[in-house]
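Okay, here's what each chain looks like letter by letter:
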Amino acid sequence: ADSAGDMGGSTSSSAVALPEEAKQRLTSIELAELQAAFAVMAPGGSLDAQSMAAALPVGLPWERLHSLLVTEVAKEGAAAVPQPGALSYAGLVLGLARTIRARQPARDKMRFCRFLYAEGEDGPLGAAGLSALLRGALHASRSGEAAASTASEGFEASCAEAAALPADDWAGWAADQLPALHLAFEDYILGTLRGLGGPDGSAGSASAAREPILSHVLRDDQLEQSLLSRADAWLLGVAAGPATEQRGWRCLYSSSAHGLSLSRFAHHAVGYGGPTLLLARCAPLTEHGEREGVVLGAMVDSPWKASDKYFGGSDCALVQLAPHFHVYRPVGHSRNLAFFNLPADRAATFRARGQAQLPEVVGFGGQPAMGGFRLSLEDDLNVLSWRESDTCYARHPSQKLAEAPRTVLALELWGCGGLAAEEAQRELQRRRGLDAAKAGSLSLETRRKMAVDDHATKFVLEAGGAHSFIGDQMKESEDREARGVNMGERSFVGKEDRRAAV
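Source: prediction; values computed, not measured.

Ranked by internal contacts, the top residues of the largest apolar core, which has 83 residues, are W170, L181 and F185. For this core, the element with the highest residue contribution is helix α11 (residues 181-197), accounting for 8 residues. With near-sequence residues (within four places) excluded, L181 lies in contact with M110, L133, L134, A137, W170, W234 and V238. Counting residues in hydrophobic clusters, the runner-up holds 37 residues, among them W304, L384, W386 and L411.

So, in structure tokens, the structure goes:
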């Protein structure tokens, strides 16, 4: 299969050399399975659109794919297109190499997805076309598994803004908002064709845009209260990028189950050793003309850290699920990605240092000293504040949300890091339990007084250069490592403030 292929896919002495482009982008095993699949679809050696669609499972526009493959290889002549509108085996694998396995920018990959459902080459997809495309991608990401009729409802509304975009603008929108979208089609198309010619008829590996498996803390009869539907989870998974393994998302915290408070949130968030998804549903601001509430949140790529520093990496993003879907990605001008303040019982430490206590808030973007966060959950998580722009996250190209405070109706935190992240959290909780048991012989008031007096004394001695408490520094380093704190990240308390405190 590496060096030659039969025009019709059956045994024949008239074998022809496969195009070098196909051999470079498809493995020998893939070529052999595709040749066997071609023999099933086109025993006569010439594959037309109807024969291809009839041999493959329903759910994808196979005839449109066939048309695209013919267009891609038509200039190669009879070796690829033996008759008008038909493909040879060499034409099939060359077309797949130039589409499914093309080395192209993300925007061009999205144009391939759009072609499968677009009526025209340059005009908007329209609501029906976009809905069909997203439903097809969801179907493909499930490897053709039949979905419940309600699983993909809401695509038309959530992505309505993209339906009216011309072809080039839509490709840019898809590449930014749903970067793994093309993988749903590519993995499923190639896997289905290979499965048709495989020894056991099974498809290839699972899609890199596969749908997350959700594990909720709510009972089955309460799931309608959840902020995250299967369809929204899939959209967010595609927005997050390719999955290297099966996605398992577990609800770590739900205000419906645990109550709405910062302390309860911290208990369930801190220690989880992987990326998370935070979602908040807010009441509509009727005075600003809103008819329905918004669902806003953030994808956080690093473990939650109770600290006076911002944390997070380049895969952090703000997200909006309602009334429309949108992802606000970092623009690179600022690293103020995510912030989670120190617990209230550390306020005495700040007073000992002569510093102001930071606001008790979960925040993203912005700068507290210069107008606030881009998105923040305040007042014990009961109020959500939103700003239209900052130097960290991108603006929405057209939509503007009111910047007035919003009442939080429900809040959820989803762990997206799999079993390893859950095990890291369980281990940290176990260690905290042991520490609490050791300290149990002292009263809470005594422990707090000792901590404040001890810290204040050491702070004065260190500031005056009289002594350096290396043992404490090592213990603090170990504690920070356990909490996942990056010592190199910037603090709200700048150098000038530290010198002033001294």
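Further notes follow.
Turning next to the pairing of strand β9 (residues 317-322). Within β9, 6 of the 6 residues are buried, leaving the element largely enclosed by the surrounding structure. Sheet analysis places strand β8 (residues 295-300) next to β9, joined by 5 bridges and oriented antiparallel. Within β9, the position partnered with A298 by the bridge is L318. In terms of strand pairing, β9 meets strand β10 (residues 326-328) through 3 bridges, oriented antiparallel. If you follow V319 over to β10, its bridge partner there is V327. A loop of 3 residues connects β9 with β10, the two strands running antiparallel in sequence.

Attention now moves to unusual backbone geometry. The bulk of non-glycine residues show a negative phi, and the bulk of peptide bonds are trans. Here the bond from A322 into P323 is cis, since omega is 0 degrees, no more than 30 degrees from zero. Relative to the assigned elements, P323 resides in the loop between β9 and β10. Backbone geometry at D379 places phi at a positive 50 degrees, although glycine is not the residue there. Here D379 lies in the loop between β13 (375-378) and β14 (383-386). Its identity as a non-glycine residue notwithstanding, L381 has a phi of 75 degrees, on the positive side. Position of L381 relative to the elements: it lies in the loop between β13 and β14.

According to the stated counting rule, one finds 0 disulfides in the structure shown. Summary of cysteine pairing: C316 is not part of a disulfide, and the nearest cysteine sulfur, belonging to C392, is at 8.2 Å. Overall, the relative accessible area of 2% leaves C316 in the buried class.

We now examine the pattern of salt bridges. A side chain with one charge may pair with a side chain of the opposite charge, provided their charged atoms come close. Scanning all chains against the criterion turns up 20 salt bridges. A salt bridge links E211 to R142; the shortest N-O distance between them is 2.6 Å. Separated by 69 residues along the polypeptide, E211 in the loop between α11 and β5 (213-215) and R142 in the loop between α7 (126-141) and α8 (155-158) bring together distant segments of the chain. Classification of E211 as buried rests on a relative accessible area of 9%. A salt bridge links R329 to D176; the shortest N-O distance between them is 3.9 Å. One end of the pair, R329, is in the loop between β10 and β11 (339-340); the other, D176, is in helix α10 (residues 167-177), and 153 residues separate them in sequence. Judged by its relative accessible area of 37%, D176 is partly exposed.

All right, on to the packing of helix α2 (residues 28-41) against α11 then. α11 packs onto α2 with a crossing angle of 70 degrees between their chain directions and a minimal axis gap of 7 Å. Of the possible angle classes, the one that applies to α2 and α11 is roughly perpendicular. Residues I29, E30, E33, L34, A36, A37, V40 and M41 of α2 lie in contact with α11, whose contacting residues are L190, L193, R194, L196 and G197. Here the residues of the contact of α2 with α11 are counted per class, giving 9 nonpolar, 1 polar and 3 charged.

Looking now at the packing of aromatic side chains. Evaluated as defined, the whole model comprises 14 aromatic pairs. A connected cluster of aromatic rings, assembled from ring pairs, spans Y253, F265, W304, F311, F340 and F364. The lysine or arginine in question, R64, covers the ring of F115, its NZ or CZ lying 4.6 Å from the ring centre.

Running from amino to carboxyl end, helix α4 (residues 62-73) crosses helix α5 (residues 89-99) at an angle of 95 degrees, the nearest separation of the two axes being 9 Å. Here α4 is positioned roughly perpendicular relative to α5, judged by the angle of their axes. Each of L68, L69, E72 and V73 in α4 lies in contact with α5, whose residues at this interface are G91, L92, L94, G95, L96, R98 and T99. A breakdown of the residues in the contact of α4 with α5 according to their chemical character gives 6 nonpolar, 3 polar and 2 charged.

Conventions used here
Residues numbered from 1 in each chain as written. Predicted model: local features only at pLDDT ≥ 70, side-chain atom pairs only at ≥ 80, totals over all residues. Heavy atoms only, no water. Core = buried A, V, L, I, M, F, W, Y, C linked by side-chain atoms within 4.5 Å. Buried < 20%, exposed > 50% of the residue type's maximum accessible area, 1.4 Å probe, protein only. Helix = DSSP H or I, 4+ residues; strand = E, 2+ residues; numbered from the N terminus. Contact = heavy atoms within 4.5 Å. Pairing = 2+ DSSP bridges. Disulfide = S-S within 2.5 Å. Salt bridge = Lys/Arg side-chain N within 4 Å of Asp/Glu carboxyl O. Axes fitted to C-alpha atoms, helices over the stretch in contact; angles between N-to-C directions. Parallel < 35°, antiparallel > 145°, perpendicular 65-115°, else oblique. Nonpolar A, V, L, I, M, F, W, Y, C, P; charged D, E, K, R; others polar. Phe/Tyr/Trp six-rings, centres within 6.5 Å; stacked < 30°, edge-to-face > 60°. Lys NZ or Arg CZ within 6 Å of the ring centre and 35° of its normal.

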